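Descriptive structure summary
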Amino acid sequence: MDEKTYREKIYLDHAATTPVDEETLQKMLPYFRENFGNADSPHAMGRRAMNAVDEARDTVASLIGARSGEVFFTSGGTESDNWAVRIGAYAQKDKGRTEIAVSAIEHHAVIESAKKLEAEGFCVRWIPVNEGGMVELNAVRSCVNDKTALVCVMAANNETGVLQPIKEIATLAHECGALFFTDAVQAAPYLPIDVKELSADILSFSSHKFYGPKGGGVLYVKSGVKTERLIVGGEQEKGLRGGTTNVPAVVGLAAAYRKNVATMSETNAKIRALRERFIKGLSNLDGVAFNGAEPCLPSIVNVRFQGVDNVSLLYKMDLQGVCFAAGSACASSSVKPSHVLLAMGLTEEAAKESVRFSLGKDNTEEEINRALALLKDTLRALRAF
Ligand code: PLP
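Here's a quick rundown of the structure.

To continue, consider the packing of aromatic side chains. Tallying each qualifying case throughout the model produces seven aromatic pairs. Between Phe 72 and Trp 83, the aromatic rings sit 5.3 Å apart at their centres with planes inclined by 65°, giving edge-to-face as the arrangement. Within this pair, whereas Phe 72 is found in strand β2 (residues 71–74), its partner Trp 83 is found in helix α4 (residues 77–90), the two being separated by eleven residues in sequence. Of the two residues, Phe 72 and Trp 83, neither departs from the other in class, the shared state being buried.

Put into structure tokens, the structure is as follows:
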């Protein structure tokens, strides 16, 4: 999609991905051609690339309150999540800790990693959520014990935007001697991250959710936590993730994250106001029920349109230039009802009538008004069908 097409669309799917910010793109461009060196080459071209990677690592570390040696670069949220779960599970296996507690609403990157560990002999305890989509502390308490190696609860859910009480959950994990991992992929664009303040031992996020390039992710691992090797090969990322470093992605990630943090409060205020306008407009439509409780990200609205199949609505609205999601992006080609909404107690039917809108910094009031008008007509047409 070129810039013109993006502007012509009403793009309400920022939780799936965002366009690369112009300033960020300009910072990345030299690393494709003039400064194309392999960051591991000892010559001048390599050193120039490595300097950029070192600088990016220092930037990210200082912005999240970590040390540079605690920040690993990956290809994105999925890879960071896969690595996080393995590190957390195996870190204390020699002490007889063979259980992990995972919230039922995690992204598939975490859920599938946990299932893989199950096949390797770990016991996975699935932490339920309440009907508002929140993990309650008592639910965590009943899933942890002195055999728990790791507790995984995401900071903000990707489908409902519901914020989780991760600081309190981290305390519960630590009280029983377990590590705490939080997937902050959806939270990072909107909430400042301070790993010490959050008491996270392991934390992940992904560049393309905050106007950085795809192919860039971060894994924070607190120093002292025993790390597992993810990709064998070269000695990159302290010898734990082999493979030639994607320098443009790393440079872009750091630039985008720096800008994101600097503009966060202003962007959040703008998006929050648009979200309020959108929710108000949706509330005036017939047969509407909102999924997910507050506190919530300023960007996400998950809503059920009774009697309307979400995939049909998505395609009808797409034809009119409005982009959003039925379930999460990674599951958009399947018609499976969302595991998140089912975990919140919705029926399969209700889940298949639910969609996710996620607003971004370039959306306007005019777009929100147009989207609401188009929705009103499309819902009427689909219900009459
Ligand atoms: N975790 C969450 C909460 C997400 O929303 C996503 C993507 O939508 C991911 C992980 C995966 O990130 P990536 O697309 O960078 O692999």
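So, on to the sheet that holds strand β9 (residues 288–290). Across the sheet, three strands lie side by side as β9-β10-β12; this open sheet has antiparallel pairing. In the strand order of this sheet, the two ends are held by β9 and β12 (354–358), each with one partner. If you compare each strand with its neighbour and ignore which way they point, the axes differ by 30° on average. Note that strand β10 (residues 300–305) and β12 share five bridges and pair antiparallel.

What follows concerns the pattern of salt bridges. Following the criterion strictly, the structure yields 17 salt bridges and no others. We note a salt bridge from Arg 229 to Glu 235, for which the minimum N-O separation is 3.9 Å. Of the charged contacts, one joins Glu 294 and Arg 275 as a salt bridge, the two residues approaching to 3.5 Å between their closest N and O atoms. Placement of the pair is Glu 294 in the loop between β9 and β10 and Arg 275 in helix α10 (residues 247–283), with a sequence separation of 19 residues. Classification of Glu 294 as exposed rests on a relative accessible area of 54%. Take Arg 275: its relative accessible area is 10%, and that puts it in the buried class. Taken together, the shared-partner salt bridges connect Asp 21, Glu 23, Lys 259 and Lys 361 into one network.

Before going further, it helps to spend a moment on helix α14 (residues 365–384). The first and last C-alpha atoms of α14 sit 29 Å apart over 20 residues, in line with the 28 Å expected at 1.5 Å per residue. Buried within α14 are the following residues: Glu 367, Ile 368, Ala 371, Leu 372, Leu 375, Thr 378, Leu 379 and Leu 382. One side of α14 holds all its buried residues, which, seen down the axis, span an arc of 145°. The outward face of α14, more than 90 degrees from its buried face, is lined by the exposed residues Arg 380 and Ala 384.

Turning our attention to the packing of α4 against helix α5 (residues 108–119). It is at 9 Å that the axes of α4 and α5 come closest, and there the two elements cross at 35°. Of the two elements, α4 crosses α5, and the hand of that crossing is right-handed. Across the interface between the two elements, Thr 78, Asp 81, Asn 82, Val 85, Arg 86, Ala 89 and Tyr 90 from α4 touch Ala 109, Val 110, Ser 113, Ala 114 and Leu 117 from α5. Looking at side-chain class alone, the contact of α4 with α5 contains seven nonpolar, three polar and two charged residues.

Here we come to the site of the ligand. By nearness alone, 13 residues border the ligand, and Thr 78, Asp 183, Gln 186, Ser 206 and Lys 209 come closest of all. Residue Gly 77 places a main-chain N or O atom 2.8 Å away from an oxygen atom belonging to the ligand. One of the side-chain N or O atoms of Ser 206 is found 2.6 Å from an oxygen atom in the ligand. Bound to the protein, the ligand loses 89% of the 390 Å² it would expose on its own. Ranked by the residues each element gives to the shell around the ligand, the list is headed by α4, at three residues. Among the residues forming the shell around the ligand, the class breakdown is two nonpolar, eight polar and three charged.

Procedures and definitions
- Residues numbered from 1 in each chain as written.
- Predicted model: local features only at pLDDT ≥ 70, side-chain atom pairs only at ≥ 80, totals over all residues.
- Heavy atoms only, no water.
- Phe/Tyr/Trp six-rings, centres within 6.5 Å; stacked < 30°, edge-to-face > 60°.
- Helix = DSSP H or I, 4+ residues; strand = E, 2+ residues; numbered from the N terminus.
- Buried < 20%, exposed > 50% of the residue type's maximum accessible area, 1.4 Å probe, protein only.
- Pairing = 2+ DSSP bridges.
- Axes fitted to C-alpha atoms, helices over the stretch in contact; angles between N-to-C directions.
- Salt bridge = Lys/Arg side-chain N within 4 Å of Asp/Glu carboxyl O.
- Expected span 1.5 Å × (residues − 1).
- Arc of directions from axis to C-beta.
- Left-handed = near helix turned anticlockwise from the far one by under 90°.
- Contact = heavy atoms within 4.5 Å.
- Nonpolar A, V, L, I, M, F, W, Y, C, P; charged D, E, K, R; others polar.
- Near = heavy atom within 4 Å.
- Polar contact = N/O pair within 3.5 Å; in protein donor to acceptor, adjacent residues only side chain to side chain.
- Areas by Shrake-Rupley, 256 points an atom, 1.4 Å probe, with all protein chains shown as cover.

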